[in-house]
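Take a look at the letters that make up each chain.
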Amino acid sequence: MAGVIQTTTRRTRPSLLLTRVRDRSPGLGPSLLGGALAAGLGLAAFAMLVTLLWISSPYPDSGPDGALSVAAALWLLAHGAELVRTDTLSGVPAPLGVPPLLLLALPVWLLHRAARDATDGGASEASGALEAPEASGDAPLVHGPTAWAGVVLGYLAVGTPAALYAAGGPLRPAWASAGVYVPLVAVVAAGVGVWRAYGCPRGPLERTAGALLPRGVRHLLLGPDGRLGVAARAAAAGSAVLVGGGALLLTVSLLWHGGETRDAFLRLTQGWSGWVAVLLLGVVLLPNAAVWAAAYALGPGFLLGVGHAVTPLSAAPAPLLPAFPLLAAVPDAGAGTPANWTALAVPLAAGASAGWYVAQGATTAGHPAEPGGGRAGREPYVVWSPGRTAGVAVVAAVLCAVLLTLFAAWAGGPMGVAALSRFGPVWWQTGGATLVWIGLVATATALPVRAWRCRTPRSERAERAPASVDEKAWAGARATARAWRVRIGSPRRGAPEDGTGATADGRRRRDAAGPYDFLPADPAPGHDLPGHDLPGHDLPGRGLPTVPETPKPPPAR
């Protein structure tokens, strides 16, 4: 009895609890480790960069502890968190909320890769246990929510101490934005990684859209003919053209203001270490500047402080700005000129690209018209109606507007207080302008391109058109003329080549026997005359001569 009491009252050790949790949720431990490793690698990369700049700086302001705290703050800024500068000239803390978009690529890539590896962990463990490389393809993947939650929790477990460490430096995180943007980036990037590890299934997206959207919109998006995929590709194409066009405008403006750009680069700092730091800062801010230029081309433009808007139509005088190379590309103050208005070609090209993708999907993305794939001479796919094509173009415009809204919200922010509290494009204006531009131009492009792709060639129309009575009579007359031309112009087969059986004037003697002297009046029953497939064989009273069969050679022995 004592042994029973000792067994039942003994507490479970922590190692046994961890073992039970691991057995119930396989893959949770590697997922936590992968998320923590992704956060650690990102922090290490930022720390290495800041430490190199600190070592090479001729006038370092603080020691290694300050450099490491700045690296942690930049890691948070890369996620979109707002920072607060405490060492200002006025003594008033100033916010810094313009995150370099190029820095965001590193945490997103690390989280995406960690989530994919965590999801494939079950396959790799199985292949290692079996010691067979081909076993990994048949091994089941880790449960998606388990891998996703493990990566996110592991990432935040390292990110939280880093944020606390950065709070003691010159760039302190704003806790409200840090508590929103860092988990948001981790959740979205890890979720996309798990989704891609499972082969990008459409089921979760369709269920989510079906639960959130009304019935009419749900039918428009989730049709059986791939409308959502076509709209997504068109939106991606339109967004790429917009941002790429903005980068082109930025390059042209920098070259146009080349002297000011060079002076700003040389006057901002001294020494090669400072120039390298300014160059790196300009490089990581290039995607932000491309989004600003795209917002400028769309019409709303961007703000260089409260009440200082820069648009193609006019540019308000900007406040006193620092001598930064990218700011030298800002158009001059005053009314817009035809050179500024040429920027409107960027949304036109973006809308045309989106409309082309929609028109291509309207003619190729449908289901087969018949189980066998369609009859000969007809399209094997059902072509969308003009109304459906226009609806998909509008959906593509909405998706493109959502993307540009996110880009504009992420590319701007406060750079200080008072006049610099609003810096960059206004997100809702950029999104609204994108919706109008892409919606109108994509629809106006998709409908004519769809009609052009569905056109019938002239030769095919002539074959499909029914022939009239006159055309049939002329066709019969032409066939008869071709038959007589073949009979008259062709040499008579079987005539002797050496002139045997011919008279002195070249005529054939009447007593000369030949293979064509006699023609049967009627064909033998059950046999067809040779040459029945020639034109004119069915004409009354015009029989064709028979051709003797050529004897077959004896078989070789």
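Definitions and cut-offs
- Residues numbered from 1 in each chain as written.
- Predicted model: local features only at pLDDT ≥ 70, side-chain atom pairs only at ≥ 80, totals over all residues.
- Heavy atoms only, no water.
- Helix = DSSP H or I, 4+ residues; strand = E, 2+ residues; numbered from the N terminus.
- Buried < 20%, exposed > 50% of the residue type's maximum accessible area, 1.4 Å probe, protein only.
- Areas by Shrake-Rupley, 256 points an atom, 1.4 Å probe, with all protein chains shown as cover.
- Core = buried A, V, L, I, M, F, W, Y, C linked by side-chain atoms within 4.5 Å.
- Contact = heavy atoms within 4.5 Å.
- Axes fitted to C-alpha atoms, helices over the stretch in contact; angles between N-to-C directions.
- Parallel < 35°, antiparallel > 145°, perpendicular 65-115°, else oblique.
- Left-handed = near helix turned anticlockwise from the far one by under 90°.
- Nonpolar A, V, L, I, M, F, W, Y, C, P; charged D, E, K, R; others polar.
- Pairing = 2+ DSSP bridges.
- Patch = residues over 30% accessible without salt bridge, like charges linked within 9 Å, V, L, I, M, F, W, Y side chains within 5 Å.
- Salt bridge = Lys/Arg side-chain N within 4 Å of Asp/Glu carboxyl O.
- Phe/Tyr/Trp six-rings, centres within 6.5 Å; stacked < 30°, edge-to-face > 60°.

Take the overall build of the protein chain next. Broken down by element type, the protein chain carries 20 helices and 8 strands. Burial status across the protein chain gives 34% buried among its 557 residues. A total accessible area of about 33,300 Å² is found for the protein chain, and carbon and sulfur atoms account for 66% of it.

Among the nonpolar cores identified, the biggest contains 87 residues, and Trp75, Leu242 and Ile438 are the most heavily contacted of them. Discounting residues that sit within four places of it in the chain, Trp75 has contacts with Ala39, Gly42, Leu43, Phe46, Tyr155, Gly159 and Ala162.

On to the packing of helix α4 (residues 64–78) against helix α7 (residues 144–166), then. Across the interface, α4 lies against α7 with an axial gap of 9 Å and an inter-helix angle of 130 degrees. In terms of orientation, α4 lies oblique with respect to α7. By crossing handedness, the relation of α4 to α7 is classed as left-handed. The segment α4 lies against α7, with Asp65, Leu68, Ser69, Ala72, Ala73, Trp75 and Leu76 engaging Tyr155, Gly159, Ala162, Ala163, Tyr165 and Ala166. Residues belonging to the contact of α4 with α7 are distributed by class as follows: 10 nonpolar, 2 polar and 1 charged.

A word on the sheet that holds strand β1 (residues 83–85). Spatially, the 3 strands line up as an open sheet ordered β2-β1-β3, and their pairing is antiparallel. The two strands at the open ends of the sheet, each matched to only one other strand, are β2 (94–96) and β3 (171–173). Geometrically, the sheet is characterised by an average inter-axis angle of 35 degrees between neighbouring strands, direction not taken into account. Summarising the sheet, β1 and β3 pair through 3 bridges and their orientation is antiparallel. Bridging across to β3, Arg85 finds its partner in Leu171.

A word on unusual backbone geometry. Phi is positive for Cys200, close to 55 degrees, though the residue is something other than glycine. Locating Cys200 in the fold gives a position in the loop between α8 (175–197) and α9 (203–212).

Bringing a nonpolar patch on the surface into the picture now. Taken together, the side chains of Trp148, Val180, Tyr181, Leu184, Val187, Val188, Val192, Trp195 and Leu205 make up a nonpolar region of the molecular surface, amounting to roughly 720 Å² of accessible area. At 7 residues, α8 tops the list of elements feeding residues into the nonpolar patch. By the element assignment, Trp148 lies in helix α7. Judged by its relative accessible area of 33%, Trp148 is partly exposed.

Turning our eyes to something else, we now look at the environment of Ala190. You can see Ala190 is positioned in helix α8. Taking the C-alpha atoms as reference points, Ala190 and Ala118, separated by 72 residues in sequence, lie 9.9 Å from one another. Other than its neighbours up to four places away in sequence, Ala190 contacts Leu111, Ala115, Trp148, Val151 and Val152.

To continue, consider the packing of aromatic side chains. What describes a pair of aromatic rings is the distance from one ring centre to the other and the angle between the planes of the rings. Tallied over the entire structure, the rule returns 5 aromatic pairs. With 5.7 Å between their ring centres and 35 degrees between their planes, Trp75 and Tyr155 make a pair best called tilted. Taken together, the residues Trp75 in helix α4 and Tyr155 in helix α7 connect sequence positions 80 residues apart. Residue Tyr155 is classed as buried on the basis of its relative accessible area of 1%. Judged by centre distance (5.4 Å) and plane angle (85 degrees), the ring pair of Tyr181 and Trp410 falls under edge-to-face. Taken together, the positions of Tyr181 in helix α8 and Trp410 in helix α17 (residues 386–411) put the pair 229 residues apart, joining distant regions of the chain.

This next bit is on the packing of helix α3 (residues 28–56) against α7. Where α3 meets α7, the axes come as close as 7 Å, and the angle between the chain directions of the two elements is 40 degrees. Taken together, the axes of α3 and α7 lie oblique to each other. Pair α3 / α7 crosses with right-handed handedness. Here Leu28, Ser31, Leu32, Gly35, Ala36, Ala38, Ala39, Gly40 and Leu43 of α3 lie close against α7, whose contacting residues are Thr146, Ala147, Gly150, Val151, Leu153, Gly154, Tyr155, Val158 and Ala162. Here the residues of the contact of α3 with α7 are counted per class, giving 12 nonpolar, 6 polar and no charged.

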